[in-house]
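# Descriptive structure summary
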Amino acid sequence: MAVAREPAFASAAAQTIKCVIAATAAWWISVYLLETQMPFLAPWTALLTVHATVYRSLSHGVQTSIASALGVGLSFLIGNYLGVSLWTYALALLVGMVAARIYWIRDEGVAIATTAVFLLSSGFEDQEPLLLDRLIEVGLGVAVGIIVNLLIIPPLRDGQAARYVDSVNRRMGGVLVDMADEFAESWDTERAEAWIEETSSMERDTESAWEFVRFARESRRANPRTYLRRHGVRLRTPPTGASGEDRYAEALSRVDEGLSHLRNLARTLHEATYAEGSWDDRFRREWSEIVRDCGRAIADPDAGVEPVHDRLTTLSQNMSNEKDLPNTAWPLYGSLITSMRHIAVIVDDVASTREVRETD
């Protein structure tokens, strides 16, 4: 049930259902209304046209129509003037695959060769008078695929984008809270290495998040739901404009920056395990409290914590007046304070605002 509630699962299920509906509808129209002799062309192109977004269905549908028309024309020229034989069949495939590299139909260019295969393999002499009908069947399949994707739950991928943004933020907060708990008592090289590995894992997740953010932006294009609904699925984010479409990109940019500082903080603590001498108890206590609150605020934007940035400034000022603090300790202490100062910006920044986080 938990998997079934995932946005990715719902999108995949909806996509599967739409493909079945589009192909079946195109086949029924082709058989019972057009009474075609080749009922597979329409459902085949309908299946190819139902893409993950409405915009992709439109753009790829146009490419499929052009490529299929070129395939029909190629079949007519070769079959009519050269006949169907071993070498002309291979020639049709060769020309089709070369033509598939044309830039503006490259995504669906292989349809040139596959259409030629269908027509030349099914008895060209019988199909030659019906080439116009083949074009109509291809157009029917494309039209049905586009209409199904427009009318039946046009996909908006905001939910998946928000899930990734929220997941990375929560994991960042968890690492900071764990750092604070360990730093308040003691930590070792193994724990520090685990934090470094966790930041590397989060960086890999942000790469996937960027893909979903770009996908979410594309899913709004030519999508009727952006006009019928003012909010995305389970999100409180504006559907259009720089404050809406670019909000996820802005959030992830800040998350990327925060992860780089978190990684630097983990490396600093890793190196600090080899440092000689004991830590100042006051710094250890106050810094760990600040880090813990910062982690809570990043993991949950609704968590009520005192302003982190001001507390870091106060800590820095107080420690600079500490006469018993060795001068050799300041490079390490200053590095910890500076890294946290950068991370603290995220607490009040777009990466931790509720607008780009999943809500219940």
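Structure: see above.
Residues numbered from 1 in each chain as written. Predicted model: local features only at pLDDT ≥ 70, side-chain atom pairs only at ≥ 80, totals over all residues. Heavy atoms only, no water.

Right, let's get into the overall build of the protein. When its secondary structure is counted, the protein shows 15 helices and 0 strands. Counting every atom, the protein has about 17600 Å² of accessible surface; 57% of that belongs to carbon and sulfur. (Helix = DSSP H or I, 4+ residues; strand = E, 2+ residues; numbered from the N terminus. Areas by Shrake-Rupley, 256 points an atom, 1.4 Å probe, with all protein chains shown as cover.)

Attention now moves to the nonpolar core. L176, M179, L262, F283 and W287 are the most contacted members of the largest nonpolar core, which has 43 residues in total. With 10 residues, the single largest contributor to this core is helix α12 (residues 247-272). Setting aside chain neighbours within four positions, we find L262 in contact with M172, V175, L176, M179, T199, M202 and I343. Among the nonpolar cores identified, the runner-up in size contains 10 residues, and A67, A99, A111 and I112 belong to it. (Core = buried A, V, L, I, M, F, W, Y, C linked by side-chain atoms within 4.5 Å. Buried < 20%, exposed > 50% of the residue type's maximum accessible area, 1.4 Å probe, protein only. Contact = heavy atoms within 4.5 Å.)

The geometry of helix α13 (residues 281-299) relative to helix α14 (residues 308-320) is characterised by a closest axis approach of 10 Å and an angle of 170° between their N-to-C directions. Here α14 runs roughly antiparallel to α13, going by the angle between their axes. Facing α13, whose interface residues are R282, F283, E286, W287, E289, I290, D293 and C294, α14 presents V308, R311, L312, L315, N318 and M319. Counted by class, the contact of α13 with α14 contains 8 nonpolar, 1 polar and 5 charged residues. (Axes fitted to C-alpha atoms, helices over the stretch in contact; angles between N-to-C directions. Parallel < 35°, antiparallel > 145°, perpendicular 65-115°, else oblique. Nonpolar A, V, L, I, M, F, W, Y, C, P; charged D, E, K, R; others polar.)

Among all residues except glycine, the phi angle is most often negative; among peptide bonds, the trans geometry is most common. We note that E35 has phi near 50°; this positive angle belongs to a residue other than glycine. Tracing the backbone through its elements, the reader meets E35 in the loop between α1 (7-33) and α2 (41-49). For E35, a relative accessible area of 62% corresponds to the exposed category.

Counting through the fold element by element, S316 comes out in helix α14. The class for S316 is partly exposed, based on a relative accessible area of 23%. For S316 and G334, which are 18 residues apart along the polypeptide, the C-alpha to C-alpha distance reads 7.9 Å. If near-sequence neighbours (up to four positions away) are discounted, S316 is found in contact with W330, I337 and R341.

Bringing α13 into the picture now. Helix length check: α13, at 19 residues, gives a terminal C-alpha distance of 27 Å against a target of 27 Å (1.5 Å per residue), a fit within 8%. Residues F283, R284, W287, S288, I290, V291, D293, C294, G295, A297, I298 and A299 constitute the buried set of α13. (Expected span 1.5 Å × (residues − 1).)

Attention now goes to the packing of aromatic side chains. Counted by the stated rule, this structure contains 6 aromatic pairs. Aromatic side chains W27 and Y32 sit 6.1 Å apart centroid to centroid with 85° between the ring planes, which places their arrangement in the edge-to-face category. The partly exposed category is assigned to W27, whose relative accessible area is 36%. A centroid spacing of 5.8 Å and a plane angle of 35° characterise the contact between W28 and Y32, whose relative ring orientation is tilted. Here W28 pairs with Y32, and both are found in helix α1, just 4 residues apart, close to one helical turn. Linked through ring pairs, F183, F283, W287 and Y333 together constitute an aromatic cluster. Over the aromatic face of F183 sits the side chain of R284, whose NZ or CZ is 5.5 Å from the ring centroid. (Phe/Tyr/Trp six-rings, centres within 6.5 Å; stacked < 30°, edge-to-face > 60°. Lys NZ or Arg CZ within 6 Å of the ring centre and 35° of its normal.)

Looking now at the packing of helix α4 (residues 86-99) against helix α5 (residues 110-121). Between two packed helices, both the angle of their axes relative to each other and the distance between the axes serve to describe the pair. The N-to-C vectors of α4 and α5 enclose an angle of 160°; their axes lie 7 Å apart at closest approach. With respect to α5, the axis of α4 lies roughly antiparallel. Of the two possible hands of crossing, α4 and α5 adopt the one that is right-handed. Counted together, Y89, A92, L93, G96, M97 and A99 of α4 and V110, I112, A113, A116, V117, L120 and S121 of α5 form the full contact between these two elements. A per-class count over the contact of α4 with α5 returns 11 nonpolar, 2 polar and no charged. (Left-handed = near helix turned anticlockwise from the far one by under 90°.)

With that out of the way, let us pick up the environment of A67. Examined against the element boundaries, A67 turns out to sit in helix α3 (residues 54-81). Classification of A67 as buried rests on a relative accessible area of 0%. With 46 residues separating them along the chain, A67 and A113 place their C-alpha atoms 8.6 Å apart. Excluding anything up to four places from it in sequence, A67 contacts E108, G109, A111 and I112.

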